Amino acid sequence: MKSNEHEEQHIMSYKTLGFVLASLIVLTGVTVGVSYVHMGFFNVPIALMIASTKATVVLLFFMHLKYEGKLIAVSFTSTVIVLCIMIGFTFWDVAFR
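The sections below set out a description of the structure shown in this document. The model shown is predicted, which means the values in this text are computed figures rather than measured ones. (Residues numbered from 1 in each chain as written. Predicted model: local features only at pLDDT ≥ 70, side-chain atom pairs only at ≥ 80, totals over all residues. Heavy atoms only, no water.)

**Details of the overall build of the chain**
Link 1 in the chain: Helix and strand counts for the chain come out as three helices and zero strands.
Link 2 in the chain: The order of α-helices and β-strands along the chain, N terminus first, is α-α-α.
Link 3 in the chain: Here the chain has a C-alpha radius of gyration of 18 Å; the compact-globule value for 97 residues is 13 Å, and the former is much larger.
Link 4 in the chain: Counting only C-alpha atoms, the chain reaches 60 × 30 × 15 Å along its principal axes.
Link 5 in the chain: Among the 97 residues that make up the chain, the fraction classed as buried is 9%.
Link 6 in the chain: Long-range contacts, defined here as pairs at least 24 residues apart, represent 60% of the contacts in the chain between residues at least 6 apart.
Link 7 in the chain: When the accessible surface of the chain is split by element, carbon and sulfur atoms take 72% of a total near 8,100 Å².
Link 8 in the chain: A gap of 10 Å separates the mean positions of the 6 positive and 5 negative side-chain charges of the chain. (Helix = DSSP H or I, 4+ residues; strand = E, 2+ residues; numbered from the N terminus. Rg over C-alpha atoms; globule rule 2.2 N^0.38 Å. Buried < 20%, exposed > 50% of the residue type's maximum accessible area, 1.4 Å probe, protein only. Contact = heavy atoms within 4.5 Å. Areas by Shrake-Rupley, 256 points an atom, 1.4 Å probe, with all protein chains shown as cover. Lys, Arg positive; Asp, Glu negative; His and termini not counted. Charge placed at Lys NZ, Arg CZ, Asp CG, Glu CD.)

**Here we look at the packing of aromatic side chains**
Link 1 in the chain: According to the stated counting rule, one finds three aromatic pairs in the structure shown.
Link 2 in the chain: Relative to Phe42, the ring of Phe41 lies with its centre 5.6 Å away and its plane at 75°, an arrangement referred to as edge-to-face.
Link 3 in the chain: Of the residues examined, Phe41 reaches a relative accessible area of 58% and is grouped as exposed.
Link 4 in the chain: Taken together, the aromatic side chains of Phe89, Trp92 and Phe96 make up a single cluster linked through ring pairs. (Phe/Tyr/Trp six-rings, centres within 6.5 Å; stacked < 30°, edge-to-face > 60°.)

**Describing a nonpolar patch on the surface**
Link 1 in the chain: Taken together, the side chains of Ile81, Val82, Ile85, Met86, Phe89, Trp92 and Phe96 present a nonpolar region at the surface, about 780 Å² in accessible area.
Link 2 in the chain: Inspection of the secondary structure puts Met86 in helix H3 (residues 70-95). (Patch = residues over 30% accessible without salt bridge, like charges linked within 9 Å, V, L, I, M, F, W, Y side chains within 5 Å. Salt bridge = Lys/Arg side-chain N within 4 Å of Asp/Glu carboxyl O.)

**Considering unusual backbone geometry**
Link 1 in the chain: Positive phi values are uncommon outside glycine, yet His64 reaches one of about 60°.
Link 2 in the chain: Mapped onto the secondary structure, His64 falls in the loop between helix H2 (43-62) and H3.
Link 3 in the chain: Under the relative-accessibility criterion, His64 is labelled partly exposed at 29%.

**A word on the layout of surface pockets**
Link 1 in the chain: Here the largest pocket is characterised by a volume of approximately 270 Å³.
Link 2 in the chain: Lining the largest pocket are 14 residues, with Leu48, Ser52, Leu83, Cys84 and Ile87 positioned closest to its centre.
Link 3 in the chain: Counting only elements with at least two residues in the lining of the largest pocket, the list comes to H2 and H3.
Link 4 in the chain: Looking at side-chain class alone, the lining of the largest pocket contains 11 nonpolar, three polar and no charged residues. (1 Å grid on protein atoms, 1.4 Å probe; cavity = no way out; pocket = protein on both sides within 12 Å on 5 of 7 lines; lining within 4 Å. Points joined across faces, edges and corners; volume = space filled by probe spheres on them. Nonpolar A, V, L, I, M, F, W, Y, C, P; charged D, E, K, R; others polar.)

Here it is in C-alpha cells:
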C-alpha cells in the first residue's frame, strides 16, 4: 500500500455523539436504580447485562468498532461469547456448591 493512499475516515456528528452520551447516562441511571431494587438471583445478571450494553455502546461508537472490518467484528463477537461462557460457568459452579 502506498503512503499517499488514504483510508476513509468516519467522522461522527455531534448529534450522534450526544445521543450516545445521553444513552450512556441513562443506562448509568438505570444501573443505579436497579441496585436499589431487590430481585434476588436476578440482580447480578441484570447488572451484567446493563454493563455489557454500556461497554458495547462505547466500543461501537467511541472506539469506532462499528466502522471496522469483519475480522475485528468476528474477533469482538467471539470474545463476548467466550466471556459469556466463562461467566456462565462461574454462576453454574456457585449455584451447585
